[in-house]
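One-letter residues, chain by chain:
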Amino acid sequence: MTSTEAPPPVDGPRGRRFDPEALADLQGERGAGWSAPTWRGWALALGAVAVFSLLIPYIDYVLRGSRLTLNLMPAGSVFLLLALPLILNLGLARVRRQLALSRADLALIFCLTFVTNPLPGGGMMSYLTAMMFGPQQFADQGNGWQEQIVAELPPELMPQDPQDPTSDAPRPVAWLYTGLPEGRAIPWSALAGPYARWFVMFLLALGMFLAAAMLLRKQWADHEKLDFPMTQVPLEMLNGLESGDSGKPFLLDRMALYGILVTLLLHSYNALHDYLPMIEPLPLKSDSFGARFLTEGPVLRALNPVNFNIYPAILGITYLLSTEVSFSLWFMHWVKKFAIVVLVVWRGLGANEYFFTREWGERGIFINQGVGALIATVLVGVWLARKPLGDSLRLALGRAPSGPEDEAEGLSARWTWLLLFACAAGSVVWLCLYFKAGAGWAILAVLLLLILNIGVARMVSEAGIFYLEINTHAAGVLSNCFSPAALGAHNFLALNVWSRVLAFDYLRSSPTITLFQSLHFAGQARLRRGSLIAGLGLALALCCACSFFGFFSALYHNPSGLEGNWALSAFVKSEYGHLARRHKAVQQWEQVQAEAAAAGAEPPAEKRPDVARINRDEIRSYALGAALLGLFLFLRSRVFWWPHPIGLLMWAGWWAIMQTWFSYFLGWLIKVLILKFGGFRVYGHWRRFFIGLIVGELVATVLWLTVAYCTGTKDTYPMHFN
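This one's a predicted model, so the numbers in the text were calculated from it and none came from an experiment. (Residues numbered from 1 in each chain as written. Predicted model: local features only at pLDDT ≥ 70, side-chain atom pairs only at ≥ 80, totals over all residues. Heavy atoms only, no water.)

Colleague: Help me understand a nonpolar patch on the surface, please; the structure alone is not making it clear to me.
Modeller: A contiguous nonpolar surface patch, about 380 Å² in accessible area, is contributed by Val 380, Trp 383, Leu 384 and Leu 633. Mapped onto the elements, Trp 383 comes out in helix H15 (residues 365-384). (Patch = residues over 30% accessible without salt bridge, like charges linked within 9 Å, V, L, I, M, F, W, Y side chains within 5 Å. Areas by Shrake-Rupley, 256 points an atom, 1.4 Å probe, with all protein chains shown as cover. Salt bridge = Lys/Arg side-chain N within 4 Å of Asp/Glu carboxyl O. Helix = DSSP H or I, 4+ residues; strand = E, 2+ residues; numbered from the N terminus.)

Right, here's the structure in full:
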């Protein structure tokens, strides 16, 4: 029997303290289920990362049905948590026990595929390729991009087509859009160098995000008690798989099975329409309600668009949220709606919400308030974590003794802080080396990149948001606060291209989100974080390599995939068109300044363009958003019914909440009614049913993608959020 008495203190180099190993046993950090994966878990986890990285580009851009990289909760990862225990633990293990997977194996498989899922598509490859290929592909005499954009960007970061139209050399850019000529192979050698340099930048950013997650996770989970709703789904699926677990296995619980069957049958019925057109799908989305009914009078017209969309998975995750969080998600959306009515009817700004979809000027009033609140949330969070962060830093500097808690994090405080500073410094050096960016601007850009990514990770950790968008990026915030002319023409273009590549599809696919969730999930699943961190490093490097081959193999052989690729077509034209116009205006202003300086005079004020003026509208919006966040936090500490501020942060991206608000409202209403009339006992009884709704939707996604792949059917019924 293990003794529960406190271990005797021992003499250490800094005085008497408890023996770390004995104290770890007493606190349950060791011997209470912490375990490392077996070789089977490692093989399956890394193998799944490689296979998914190769297949996902084909699924997302060639099949174009349910796009796996558009959902934060990945269908493939959840499917593996269902299939592997059934096949290996309940099936083959009956024949040979050694084939069974442990909880640590399954946790590692989920975490590695979870973190790498977005990267082969919108999380990395899609926008990286768009920003590298777009200006060359769409440059013409009319837009002047060849001189305005291409000549300014470093050639070592962009595959180059030969200038001679008669040359027989490979044309990596043109062939991506037109397809490979007969008898020609994918020009891997022309692609490898630029992508290898960009992958260095990605790995530096991922290392920085991982270090930040390791430093803040404990504060969020243990001190601020964030729910991490997204991790509750895989945790529930793992419960009951091993002897000693208190709960029934997930798949043996009839409430879970009912939930899975509801969404599986619902989506399967709708998906059959692609193969049996006589089947009329059940309407889960109503995107035209406002256009059809809100037409009488300026007030009703200003409310447009109003969408009533039902996403079963969002109903499921909302059931796991506190009612104050889910209430804020839909309520604050309507607060913004009524504010828009005021601005439209009484101020004459635009016609409806579509006017307020940009981040600059009056059009960015609400987006910039959301961004200001997001940045303020991160800064407030760091302030609240100042003591544990200070303790960790002292530990890293050797000014405090290490203990079992430090060891339980998987990476010591010293190595964590070193990883953070080394990767942040490496990112700045990379920017200065390849883009020739100014060091000061590069430091600010990297800092803002980190802040914005921590902000969206906080939103998901607190509210389990499957789908969000933040309509800004690091360089966009810099341009708004200091003006493009203050950055200078070269810095403005360079930082915007770099920042757009690392925006991870409007931050909806930010790796910081999945890194925070995985670290928390590993602790709950009792997976040794040292194993997880080593696995994440291997998986991210492997994902970069396999995504490179999977992405270009899919698109070079199927150029029609670009028809549905927003990033490589419509987005890149819009983004570079906007950048080119502002870059040219900054260059012209710099020329005016140079001529005035040569004449020993100041440039006339009337010639100062908008790009050389600090836009006070944007700065006021940032400040107002931060002030509103502070007001919400202050009132919530004194008025118990004051709304949670998470809905205010969602203002930073209008599209996502416009699509999902009704599902959050339904989920909130269902939970309120269950708690009111059934109490916590009934709530607990139905919990697995609602988790089953999420699992069933993801299983249906895998099932019907498999059918589409086997039958060669494209553009099938989508089961992603967009």
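Moving on from the model shown.
Colleague: What exactly am I supposed to notice about the packing of aromatic side chains here?
Modeller: Each aromatic ring pair is characterised by the separation of its centres together with the angle its planes make. Counting across every chain of the model gives 55 aromatic pairs. On the basis of an interplanar angle of 80° and a centroid distance of 5.2 Å, the ring pair of Phe 327 and Trp 330 is categorised as edge-to-face. Residue Phe 327 and its partner Trp 330 are both found in helix H14 (residues 323-347); the two are separated by 3 residues, about one turn of the helix. Centre to centre, the rings of Tyr 467 and Phe 721 are 6.4 Å apart; their planes meet at 10°, and the pair counts as stacked. You can see Tyr 467 sitting in the loop between helix H19 (439-463) and helix H20 (474-482) and its partner Phe 721 sitting in the segment after helix H29 (679-711), a full 254 residues away along the chain. We note that Tyr 467, like Phe 721, is buried. The aromatic ring of Trp 383 is capped on one face by Arg 386, whose charged end is 4.0 Å from the ring centroid. Over the face of the ring belonging to Trp 220 we find Arg 458, whose NZ or CZ atom lies 5.5 Å from the ring centre. (Phe/Tyr/Trp six-rings, centres within 6.5 Å; stacked < 30°, edge-to-face > 60°. Buried < 20%, exposed > 50% of the residue type's maximum accessible area, 1.4 Å probe, protein only. Lys NZ or Arg CZ within 6 Å of the ring centre and 35° of its normal.)

Colleague: Would you take a moment to explain the nonpolar core for this structure?
Modeller: Generally speaking, nonpolar side chains in soluble globular proteins are found buried as a group. If you look at the biggest cluster of nonpolar residues, it comprises 220 residues, and the most contacted ones within it are Phe 133, Tyr 195, Trp 198, Phe 435, Trp 498, Phe 552 and Val 695. Of the residues forming this core, the biggest block, 20 residues, is contributed by helix H8 (residues 188-223). Formed by 8 residues, the second largest nonpolar core is a distinct cluster that contains Leu 315, Ile 674, Phe 689 and Phe 690. (Core = buried A, V, L, I, M, F, W, Y, C linked by side-chain atoms within 4.5 Å.)

Colleague: Whenever I open this one, the packing of helix H2 (residues 39-63) against helix H24 (residues 529-557) confuses me. Can you help?
Modeller: When two helices pack together, their arrangement is captured by the angle between the axes and the distance separating the axes. Orientation of H2 relative to H24, taken along the N-to-C sense of each, is 30°, at an axis distance of 8 Å. It follows that H2 is roughly parallel to H24 by the angle criterion. The interaxial crossing formed by H2 with H24 has right-handed handedness. Partitioned by chemical class, the residues of the contact of H2 with H24 number 19 nonpolar, 5 polar and no charged. (Axes fitted to C-alpha atoms, helices over the stretch in contact; angles between N-to-C directions. Parallel < 35°, antiparallel > 145°, perpendicular 65-115°, else oblique. Left-handed = near helix turned anticlockwise from the far one by under 90°. Nonpolar A, V, L, I, M, F, W, Y, C, P; charged D, E, K, R; others polar.)

Colleague: Help me understand the environment of Leu 540 in this model?
Modeller: With respect to the element layout, Leu 540 can be found in helix H24. When the C-alpha atoms of Leu 540 and Leu 203 are compared, they prove to be 7.7 Å apart, with 337 residues separating the residues in sequence. Discounting chain neighbours no more than four positions away, the residues touching Leu 540 are Val 115, Thr 116, Leu 119, Leu 203 and Leu 206. (Contact = heavy atoms within 4.5 Å.)

Colleague: Just to check I follow, could you spell out the state of the cysteines for this structure?
Modeller: Here a disulfide denotes a covalent bond joining the sulfur atom of one cysteine to the sulfur atom of another. Inspection of the entire model under this criterion finds 0 disulfides. In this structure Cys 432 is not part of a disulfide, and its nearest cysteine sulfur, from Cys 423, lies 16 Å away. For Cys 432, a relative accessible area of 23% translates into the label partly exposed. As a non-bridged cysteine, Cys 546 has Cys 543 as the owner of its nearest cysteine sulfur, 7.5 Å distant. The exposure class of Cys 546 is buried, given its relative accessible area of 13%. (Disulfide = S-S within 2.5 Å.)

Colleague: Hey, could you run me through the pattern of salt bridges in this one?
Modeller: Close approach of charged atoms allows side chains with opposite charge to pair. Per the stated rule, a full pass over the model turns up 18 salt bridges. Between Asp 253 and Arg 688 there is a salt bridge whose closest N-O contact spans 3.4 Å. Here Asp 253, found in the loop between helix H9 (229-238) and helix H10 (254-271), pairs with Arg 688, found in helix H29; they are 435 residues apart in sequence, far enough to count as distant. On the accessibility criterion, Arg 688 (8% relative accessible area) is buried.

Colleague: Honestly, H10 in this entry has me stumped. Any pointers?
Modeller: An α-helical turn contains 3.6 residues, so any two residues separated by three or four positions project in the same direction. With 18 residues, H10 should cover 26 Å at 1.5 Å per step; its first-to-last C-alpha distance of 25 Å lies within 8% of that length. Within H10 the residues assigned to the buried category are Met 255, Ala 256, Gly 259, Ile 260, Thr 263, Leu 264, Leu 266, His 267, Ser 268, Asn 270 and Ala 271. Packed against the buried residues of H10 are helix H13 (312-319) and H29. Among the residues of H10, the N-terminal cap falls to Asp 253, whose side-chain oxygen and the backbone nitrogen of Met 255 are separated by 2.9 Å. (Expected span 1.5 Å × (residues − 1). Polar contact = N/O pair within 3.5 Å; in protein donor to acceptor, adjacent residues only side chain to side chain.)

Colleague: Can you help me understand the packing of helix H4 (residues 103-116) against H24 in this one?
Modeller: The N-to-C vectors of H4 and H24 enclose an angle of 40°; their axes lie 10 Å apart at closest approach. By the angle between their directions, the pair H4 and H24 is classed as oblique. Seen along the crossing, H4 lies across H24 with a hand that is right-handed. Here Leu 108, Cys 111, Leu 112, Val 115 and Thr 116 of H4 come into contact with H24, specifically with Ser 531, Leu 532, Gly 535, Leu 536, Ala 539, Leu 540 and Cys 543. Its residues assigned to classes, the contact of H4 with H24 comprises 9 nonpolar, 3 polar and no charged.

Colleague: Would you mind going over the environment of Leu 320 with me for this structure?
Modeller: Mapped onto the secondary structure, Leu 320 falls in the loop between H13 and H14. The class for Leu 320 is buried, based on a relative accessible area of 5%. Distance from Leu 320 to Phe 690, taken between C-alpha atoms, is 8.3 Å for residues 370 residues apart in sequence. Apart from residues no more than four positions distant in its own chain, Leu 320 is found in contact with Pro 229, Gln 232, Val 233, Lys 671, Tyr 683, Arg 687 and Ile 691.

Colleague: How should I be thinking about unusual backbone geometry in this particular structure?
Modeller: Peptide bonds are mostly trans, and most non-glycine residues show a negative phi. Each neighbour pair has its own omega, and for Asn 304 with Pro 305 the value is -5°, a cis peptide bond. Looking at the secondary structure, you find Pro 305 in the loop between helix H12 (297-302) and H13. The phi angle at Lys 436 is positive, at roughly 55°, despite the residue not being glycine. Tracing the sequence through the fold places Lys 436 in the loop between helix H18 (413-435) and H19. Positive phi outside glycine occurs at Arg 526, with the angle close to 65°. Relative to the assigned elements, Arg 526 resides in the loop between helix H23 (511-524) and H24.

Colleague: I keep staring at the side chain of Asp 161 and nothing clicks. Help me out?
Modeller: Its location among the elements puts Asp 161 in the loop between helix H6 (145-148) and helix H7 (172-178). Buried Asp 161, no salt bridge; nearest opposite-charge side chain is Arg 171, N-O distance 4.9 Å. Among the polar contacts made by the side chain of Asp 161, one reaches the main-chain amide nitrogen of Val 173 at a distance of 2.9 Å. Within polar-contact distance, the side chain of Asp 161 engages the backbone nitrogen of Ala 174 at 3.1 Å. The residues contacting Asp 161, other than those within four sequence positions of it, are Gln 136, Arg 171, Pro 172, Val 173 and Ala 174. (Lys, Arg positive; Asp, Glu negative; His and termini not counted.)

Don't take any of this as a statement about function, it's just geometry.
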